[in-house]
Amino acid sequence: MRILVYGAGVLGCNLADNLYHAKKDVTLLARGAWAEQLQQNGLRMKKTFHLRKTVSRIPVITQLKPEDCYDVIFVVVRYTQLEDVMEDLRANGTKNIVFVGNNVRPAHYAALLPEKNVMFAFALSAGHREPERVVSLDLKKITIGQLKSAPSNETLIGRIFMDTGYKVVYEPNMEDYLLCHAAFVLPAAFACYYTDGSLRKLKGNTAYLNRTLDASIEGYRAIERAGCAILPASDTDYESAAYRKTCLRFFRLMCATGLGKLCASDHAMNAVGEMSALNRDMKAFFDETGAKYPVWQTLERDAGRYLK
C-alpha cells in the first residue's frame with residue numbers, strides 16, 4: 001500500500017515517521033527550506049518520553065503531480081490551507097483522501113471532492129518544529145472515519161494501520177466528532193492568547209479555568225440542540241459534576257506542567273490564523289442554530305489582539 005502524507009508540520013511528520021518505522025511504503029510532501037532539510041538530512045525526531053532521537057530517511061517530494069499514484073493520501077495541513085490543496089487533489093487520481101486535523105466544515109470539503117472517498121481524522125500528537133528537527137509528544141492514537149452519511153471505511157482503515165502500533169478509534173460520524181473537538185479546544189486556545197502563550201500564568205486561577213470549561217459546555221449545548229451527537233461518547237455527560245471535576249483536573253495539569261506548552265500553546269501561538277478561522281466558523285454555526293454563547297464571547301474578547 002503506497003501512502004502519501006501531504007504536509008510536513010508536526011502532525012504530518014509524526015504520522016509519516018510512525019508509518020515509516022512500521023515498514024509502510026510512505027512518502028512525505030514538504031515545501032521550501034524544510035523540504036531541503038528533510039531530503040538532505042532525513043526527518044529528525046525527538047519525542048517526549050523517548051530516550052533516543054531518531055532519523056528517518058523518508059522519501060520527500062515537493063509537489064503532487066496528476067500522474068502520481070497512491071492508495072491513500074493523508075492531507076495534514078492547517079484548516080486555513082485546505083482550499084489551497086483542493087486543485088492538487090482533484091487533479092490526482094488517488095481515490096482515498098484523509099483530512100487530518102481541526103475542521104468544523106468537513107461536509108463542505110468532502111463535497112469539493114465528489115469523485116473521491118473522503119475521510120477525516122484527528123491524531124493525538126503535538127509539539128513544535130525546530131530548524132533541523134521536530135520535537136513532539138506523540139501518543140500514537142488516531143480517531144478516523146467518514147461523514148455519517150457515507151459508506152463505512154472501517155476495513156480500509158484497518159489495512160492502512162495494520163502493524164503500526166497505533167491505537168485506532170474508528171468513528172463513523174467524524175462530522176459531529178470534529179465539531180465537538182473544536183468546541184473543546186477553542187476555549188483552550190483563548191486561554192493561550194489570554195496569557196500570551198504562557199499557560200503557567202493560569203496556575204491556581206480556578207475562576208478563569210472554570211470559565212474556559214463553561215465556554216466549552218456552551219459549545220456542547222449548541223451542538224446537541226442542533227441535533228448533532230456529542231462525541232466521543234465519554235463526553236455526553238458534559239453537564240455533570242464528575243465531568244467538570246475531570247476537566248478542571250486536566251486544565252490544572254496543563255497549566256502547572258510543560259504539557260500545556262507541548263499540547264496547547266505551541267500550536268495555538270504558531271497557528272493564530274487557523275484558530276481565528278475555526279472560531280469564525282464555529283460562531284457561524286452557533287448563530288445559524290440560534291445558540292447563545294456569552295462566556296465564549298467574553299473569553300474571545302479577553303484573547304485580545306490575537307483573534308480577528
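For the structure, check the block above.
Residues numbered from 1 in each chain as written. Predicted model: local features only at pLDDT ≥ 70, side-chain atom pairs only at ≥ 80, totals over all residues. Heavy atoms only, no water.

### Some remarks on the overall build of the protein chain
Counting its secondary structure elements, the protein chain contains 11 helices and 10 strands. In terms of overall dimensions, the protein chain is globule-like: its C-alpha atoms have a radius of gyration of 19 Å, near the 19 Å expected for 308 residues. Looking at the protein chain as a whole, 52% of its 308 residues are labelled buried. Within the protein chain, contacts between residues separated by at least 24 positions form 68% of all contacts whose residues are at least 6 apart in sequence. About 14,300 Å² of surface is accessible on the protein chain, with carbon and sulfur atoms providing 51% of the total. Of the charged side chains in the protein chain, 40 are positive and 33 negative, and the gap between their average positions amounts to 7 Å. (Helix = DSSP H or I, 4+ residues; strand = E, 2+ residues; numbered from the N terminus. Rg over C-alpha atoms; globule rule 2.2 N^0.38 Å. Buried < 20%, exposed > 50% of the residue type's maximum accessible area, 1.4 Å probe, protein only. Contact = heavy atoms within 4.5 Å. Areas by Shrake-Rupley, 256 points an atom, 1.4 Å probe, with all protein chains shown as cover. Lys, Arg positive; Asp, Glu negative; His and termini not counted. Charge placed at Lys NZ, Arg CZ, Asp CG, Glu CD.)

### A word on helix H6 (residues 174–194)
The terminal C-alpha atoms of H6 lie 30 Å apart, and with 21 residues this matches the ideal 30 Å at 1.5 Å per residue to within 8%. Looking one or two residues past H6, aspartate 196 carries a phi angle of roughly 55 degrees, positive in sign. (Expected span 1.5 Å × (residues − 1).)

### Describing the nonpolar core
In terms of nonpolar packing, the biggest core is built from 72 residues, with Ile73, Val75, Leu89, Phe99, Tyr220, Ile223 and Met282 touching the most fellow members. No other element matches the 14 residues that H6 contributes to this core. By size, the runner-up hydrophobic cluster in this structure holds 34 residues, among which are Val10, Cys13, Ala123 and Ile157. (Core = buried A, V, L, I, M, F, W, Y, C linked by side-chain atoms within 4.5 Å.)

### Quick notes on the packing of H6 against helix H11 (residues 294–302)
Packing of H6 against H11 leaves a shortest axis separation of 8 Å and a crossing angle of 35 degrees. Between H6 and H11 lies a crossing of left-handed hand. Residue-level inspection shows Ala182, Ala183, Leu186, Pro187, Phe190 and Tyr194 of H6 in contact with H11, the latter providing Trp296, Leu299, Glu300 and Asp302. Taken together, the residues of the contact of H6 with H11 break down into eight nonpolar, no polar and two charged. (Axes fitted to C-alpha atoms, helices over the stretch in contact; angles between N-to-C directions. Left-handed = near helix turned anticlockwise from the far one by under 90°. Nonpolar A, V, L, I, M, F, W, Y, C, P; charged D, E, K, R; others polar.)

### Details of the pairing of strand S3 (residues 43–47)
Side chains Leu43, Met45 and Lys47 project from S3 onto a buried face, and the interleaved Arg44 and Lys46 project onto a face without burial. As defined by bridge partners, S3 adjoins strand S4 (residues 54–56) across three bridges and the pair is classed as antiparallel. Residue methionine 45 lies in a different strand from S4, and its bridge partner there is threonine 54. With three bridges joining them, S3 and strand S9 (residues 134–145) adopt parallel strand pairing. Residue pairing for S9: lysine 46 is matched across the bridge by valine 135. (Pairing = 2+ DSSP bridges.)

### Focus on the pattern of salt bridges
Inspection of the entire model under this criterion finds 14 salt bridges. Two residues, aspartate 196 and arginine 305, come together in a salt bridge whose shortest N-O distance is 3.8 Å. Here aspartate 196, found in the loop between H6 and helix H7 (206–225), pairs with arginine 305, found in the segment after H11; they are 109 residues apart in sequence, far enough to count as distant. Between aspartate 281 and arginine 280 there is a salt bridge whose closest N-O contact spans 2.9 Å. (Salt bridge = Lys/Arg side-chain N within 4 Å of Asp/Glu carboxyl O.)

### Observations concerning the packing of aromatic side chains
With the rule as written, the count across this model stands at 13 aromatic pairs. Pairing phenylalanine 190 with tryptophan 296 gives two aromatic rings, centres 5.6 Å apart and planes at 90 degrees, and the pair type is edge-to-face. Placement of the pair is phenylalanine 190 in helix H6 and tryptophan 296 in helix H11, with a sequence separation of 106 residues. Residue classification places tryptophan 296 among the buried positions, given a relative accessible area of 0%. Aromatic pair tyrosine 193 and tyrosine 306: ring centres 5.0 Å apart, planes at 15 degrees, arrangement stacked. You can see tyrosine 193 sitting in helix H6 and its partner tyrosine 306 sitting in the segment after H11, a full 113 residues away along the chain. Grouping residues by exposure puts tyrosine 193 and tyrosine 306 together as buried. An aromatic cluster of three or more residues is present, and its members are Phe190, Phe285, Phe286, Tyr293 and Trp296. When the ring centre of tyrosine 166 is taken as origin, the NZ or CZ atom of lysine 140, which lies over that ring, is 5.8 Å away. When the ring centre of tyrosine 306 is taken as reference, the NZ or CZ atom of arginine 305 above it lies at 4.4 Å. (Phe/Tyr/Trp six-rings, centres within 6.5 Å; stacked < 30°, edge-to-face > 60°. Lys NZ or Arg CZ within 6 Å of the ring centre and 35° of its normal.)

### Quick word on the side chain of histidine 181
Summarising the element assignment, histidine 181 is placed in helix H6. For histidine 181, a relative accessible area of 17% puts it in the buried group.

### Focus on the pairing of strand S8 (residues 117–129)
A regular strand places its side chains on the two faces of the sheet in alternate fashion. Across the 13 residues of S8, 10 count as buried, placing the element largely inside the fold. The pairing of strand S7 (residues 96–100) with S8 spans five bridges and is classified as parallel. Bridging across to S8, valine 100 finds its partner in alanine 121. Pairing geometry for S8 and S9, over nine bridges, is antiparallel. In the strand pairing of S9, phenylalanine 122 is matched with threonine 143. A loop of four residues connects S8 with S9, the two strands running antiparallel in sequence.

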